[in-house]
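Listed below are the residues making up each chain.
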Amino acid sequence: MLLIKFRKVGTFAYISYLDCRDVIIQTIKRAGIEFSYSQGFNPHELVYFTPPTSLGIESFCEYAYIVTDYNDIDNFVLKFNELSPKGLKVDWVKNIDKKPNFYDLIDCAKYIIKLSKPLQVDFSKIDLVGDDLEFADKVFNISYIDNEIHCVLACGQKNNLKPSKLISHLQTIENFEVIKIIKTNLYNFKDKNNLIDIDMLL
Amino acid sequence: MNLNYSDLIKIEKPSRYLGGEFNSCENCDFTKISNCFCFPDLYEVGMSHTGMKILYELINSLDSSFCERCFAPKEDFAQMLNEKGLKLFSLESHTQLKDFDFLHFTFQYEMSYTNFLYMLDLADIPFYSKDRDDSCPIIIGGGPCAVNLEPLADFLDVIIVGDGEEVNVKLQSIYKKGMSKQEFFDKIKGIDGVYIPSLYEINEQQFSIVNCNEKIKKAIVKNLNNAFYLSKPVVPNIDIVHNRGAVELFRGCTRGCRFCQAGYIYRPVRERTIDKICDLSSSIVKNTGYGEISLFSLSTGDYSNLLELIKKLKENPILKNVKFSLPSLRLDSFKGAYSFESKKSSLTFAPEAGTQRLRDVINKNITEDNILHSLEDAFNANYDKIKLYFMIGLPTETMLDIQGIVELSKKIQSVYQGIKGNKKRPKLTVSTSIFVPKPFTPFQFEKFADKNDITMKTDYLKKELKAIGVNYNYHDYDISLIETILARGDRKLAKVILNAYKLGCIFDGWTDKFNYDKWCQALNEIDITNYINEIDENIPLPWDHIDIGVSKEYLKNERKKSREAQTTRDCRQGCTNCGLIKFGGCGVINKI
């Protein structure tokens, strides 16, 4: 069984979660790697993914767990990256024995939101955390650096905040365009000052 | 491309416009001859078209050329381009269409004509070829509609009639960067399949070509087995209409159904060998990861050795988990073909007419026994979903023929009950389309049906089929009417199509987008009766200057036979003298 970490960047960020799943399966098939299939009337490939990233967000922290007898991890990376479409690349692969529970592990994600211009309003003075009830327990961290907003937002089954919602809220204060959004890390939340990158836990 | 997250996130399925798919062209070097293949419909429709994929891969296999793609965008994307002052661009290098040497438009159906103008408009390219100087791309039209593209003749620089594989390579080898259009046209005129509309004059009364000393012969790929075929098709990142591999078993059809344009314009039949089909299927599976291959042709059951082919494909280790589908099966030739299917899904057949008399008129050459026996086999093989296609508004049709559709459905239900027990019914769906007379068929001269007549017939079918528990779908009359006008159109229609586009008609093939009132407004200037009434066999036709190989005399004679409900044999059983032998040979005869 394999655990893969992959990225979807550039125009591939505009491929939806389900389509991305199909593209990954097709790429692995092109590489000649055989899957294990579910039993039943409509057998399907046994592949499990981390929670969906919204359409249009580039992500460097996507993970998938693949049930297969194939275990040549170096060759997997090489073959996959040679046969994948533009913008979809695997960073690493691990052989594992136990299926990780992504939904239990993941609590929040870090995003970098690149803006078309520097903001005029001093966002640091707006107390987002606590100011808006909707965001109160979903924004873990937020800062503004040049033309970028860096933030850690709730992500997963327990609690979730899409960056687009935060952006819409900020745009009511000052209008700006978003050039791109990048999801950089997924974290497990121990406490406010203790976010553990799930790379360390997988 | 100056589009960011804020722009693209507002668009429905932005990936339609962004490219980046596996096997797409990455080496877009504009010092080479630049081509963009343009499909006048959405990405999901265009990417399901095998012809486009063949020419795309073919041009990209040449050293001195490359080819990109572009599809008609949805209105939301078009609006955004306009708002941002951007022009329609290609998927691969995001280059605006204006900057290519060649734009290749394919016309698969007449209702895509306004989308062609829509794409030119979004690309900021003048509509009329006379208004485009050498800085504009050379615009080429092709596809099945190319046999009569007179309605678009004023907009296109070159029309390619017939098989595109060889003639496109010739054109690429003749063209040199920086060459003037005139110089290029001088060099390519006379090549089989090349029609340059601007070189021909029109008879203003009849709107047919007057200065045509020699007809334009369609291009034929004589040996399909050795012809280029795709092995590395672009694999879309999003789901499309036909998301699977496709291998063409043969081109052409020998049946001679009198309404069917494809049956005449793609003659003669040329088959690929079993080995070739196995090789192509394996390469496509290896290079795409597809789990399904469609083995297509105009009549797949007619492939000379279908059962042997199925056996060989099943034996091939690379194809062991691949599902094969066999579209376009005839009721008399599908026996055994369904042994391919791992799961019992629905079967679709096209008897086309409800009575034997009318099936003989249209030369469908299947009997009621064929239909019932084939369905008996299918029911025995546990199929219980059957779709049947019929046409209404056919020449000589009476209410008896329409009743025949209901009667046939009842007989099919009885066959099913004979096998499965009296209380059970198959899931039977009947669909009717309206007969559209098409150029280069024996029925090219026929009248298009009246609306009252069609309404009466569809109302009857709705009532009677519902009473026996059969689902019924039917085509829109108004779309078929416009399709007839465009199919048998002449150069007078250029203005009409442009007017229709300016009034807002786009995506006319989509029933929810088709706007009949606007089309009527655009058609105001001309007398449409000339296009929908019966055409006198003796007057010149707007497409008479095109030679598809089948002679006009043959078509007239076939029409005459149809009036007497006389059938013509499948030409695999003996030549019927359609004219192809004189045209340059017909492989079917040699083969049999």
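Keep in mind the model is a prediction, meaning the values are calculated, not measured. (Residues numbered from 1 in each chain as written. Chains lettered and ligands numbered in written order. Predicted model: local features only at pLDDT ≥ 70, side-chain atom pairs only at ≥ 80, totals over all residues.)

A. Here's a closer look at the overall build of chain B. Along the backbone of chain B there are 21 helices and 17 strands. Taken against the 2.2 N^0.38 rule, which gives 25 Å for 592 residues, the C-alpha radius of gyration of chain B at 24 Å falls within 12% of a compact globule. Within the span of chain B, comprising 592 residues, buried residues form 47% of the whole. Considering only contacts within chain B whose residues lie at least 6 apart along the sequence, 78% involve residues at least 24 apart. (Helix = DSSP H or I, 4+ residues; strand = E, 2+ residues; numbered from the N terminus. Rg over C-alpha atoms; globule rule 2.2 N^0.38 Å. Buried ≥ 20, exposed ≤ 12 C-beta atoms within 10 Å, placed from the backbone. Contact = placed C-beta atoms within 7 Å.)

B. Spatial organisation of the overall build of chain A. Counting secondary structure elements, chain A contains six helices and nine strands. Over its C-alpha atoms, taken along the principal directions, chain A stretches across nearly 55 × 35 × 35 Å. The buried share among the 202 residues of chain A stands at 33%. Within chain A, residue pairs in contact and separated by at least 24 positions form 72% of the contacts whose partners lie at least 6 positions apart.

C. Local environment of the interface of chain A and chain B. Across the contact, 21 residues belong to chain A and 18 residues belong to chain B. When residues of the side of chain A that touches chain B are traced back to their parent elements, those giving at least two are helix H1 (17-30) and strand S8 (178-191) of chain A. A per-element tally of the side of chain A that touches chain B places H1 of chain A first, with six residues. Looking at the side of chain A that touches chain B residue by residue, the classes come out as eight nonpolar, seven polar and six charged. (Nonpolar A, V, L, I, M, F, W, Y, C, P; charged D, E, K, R; others polar.)

D. A look at the confidence of the model for chain A. In this model, chain A carries an average pLDDT of 90, and 95% of its residues clear a pLDDT of 70 or more. Looking over chain A, one finds the lowest element-wise mean pLDDT in helix H4 (residues 128-131) of chain A, namely 58, and the highest in strand S1 (residues 2-8) of chain A, namely 97. (pLDDT = per-residue confidence, 0-100.)

E. Focus on the nonpolar core. By size, the foremost hydrophobic cluster in this structure holds 209 residues, and its most contacted members are Leu153 of chain A together with Leu97, Met119, Ile160, Val161 and Leu394 of chain B. Here this core spans two domains, and each of domain 1 (2-100) and domain 2 (104-200) of chain A adds at least three residues to it. (Core = buried A, V, L, I, M, F, W, Y, C linked by C-beta atoms within 7 Å. Domains from an automatic or database assignment.)

F. Geometry of the pairing of strand S7 (residues 148-154) of chain A. Residue and element names in this part refer to chain A. In this sheet, S7 lies alongside strand S5 (residues 108-115) in antiparallel orientation, the contact comprising seven bridges. Directly across from Cys108, in S7, lies its bridge partner Ala154. Here strand S6 (residues 139-145) folds back onto S7 in antiparallel fashion, the turn holding two residues, of which Asp146 has a positive phi close to 50°. (Pairing = 2+ DSSP bridges.)

G. The domain arrangement of chain A, seen in detail. All names here are of chain A. According to the domain assignment, chain A contains domain 1 (2-100) and domain 2 (104-200). Contact residues are listed per partner, giving eleven residues for domain 1 and 15 residues for domain 2. The residue makeup of the side of domain 1 that touches domain 2, split by class, is five nonpolar, five polar and one charged.

H. Inspection of the environment of Cys505 of chain B at higher detail. Along the chain, Cys505 of chain B falls in the loop between helix H16 (493-502) and helix H17 (516-523). In the structure, Cys505 of chain B is positioned 456 residues away from His49 of chain B in sequence and 23 Å away in space, judged by C-alpha atoms.

I. Structural detail: the sheet that holds strand S11 (residues 292-296) of chain B. All names here are of chain B. Ordered by their spatial adjacency, three strands build an open sheet running S8-S11-S12, and the pairing between neighbours is parallel. Edge strands, defined here as strands with exactly one partner in the open sheet, are strand S8 (245-248) and strand S12 (323-325). With direction set aside, neighbouring strand axes in the sheet form an average angle of 25°. Of the strand pairs in this sheet, S8 and S11 are connected by four bridges, and their pairing is parallel. Following the sheet pairing, Ala246 is matched in S11 by Ser294. Those strands touched by helix H9 (residues 274-288) are S8 and S11, and its axis lies near 160° from that of S8. (Axes fitted to C-alpha atoms, helices over the stretch in contact; angles between N-to-C directions.)

J. Summary view of the packing of helix H12 (residues 368-380) of chain B against helix H13 (residues 399-420) of chain B. All names here are of chain B. Contact geometry for H12 and H13: axes closest at 10 Å, N-to-C directions at 35°. Regarding H12 and H13, the two cross each other, and that crossing is right-handed. Contacts from Ile371, Leu372, Leu375, Glu376, Phe379 and Asn380 of H12 reach H13 at Leu408, Lys411, Ile412, Val415, Tyr416, Ile419 and Lys420. Taken together, the residues of the contact of H12 with H13 sort by class into nine nonpolar, one polar and three charged. (Left-handed = near helix turned anticlockwise from the far one by under 90°.)

K. Main features of the environment of Phe37 of chain B. Residues and elements named next belong to chain B. Checked against the element boundaries, Phe37 lands in strand S1 (residues 33-39). Judged by C-beta crowding, with 26 C-beta atoms within 10 Å, Phe37 ranks as buried. Apart from residues no more than four positions distant in its own chain, Phe37 is found in contact with Met52, Leu55, Tyr56, Cys67, Arg69 and His104.

L. Representation of the sheet that holds strand S13 (residues 347-352) of chain B in the model. Residue and element names in this part refer to chain B. Taken in spatial order, the four strands make up an open sheet running S13-S14-S15-S16, and their pairing is parallel. Of all strands in the sheet, those bounded by a partner on one side alone are S13 and strand S16 (471-474). Averaged over all pairs of adjacent strands, the angle between strand axes in this sheet comes to 20°, irrespective of strand direction. Strand direction decides the pairing type here: strand S15 (residues 427-434) and S16, joined by four bridges, are parallel. Paired with Thr432 across the two strands is Tyr474, which belongs to S16.

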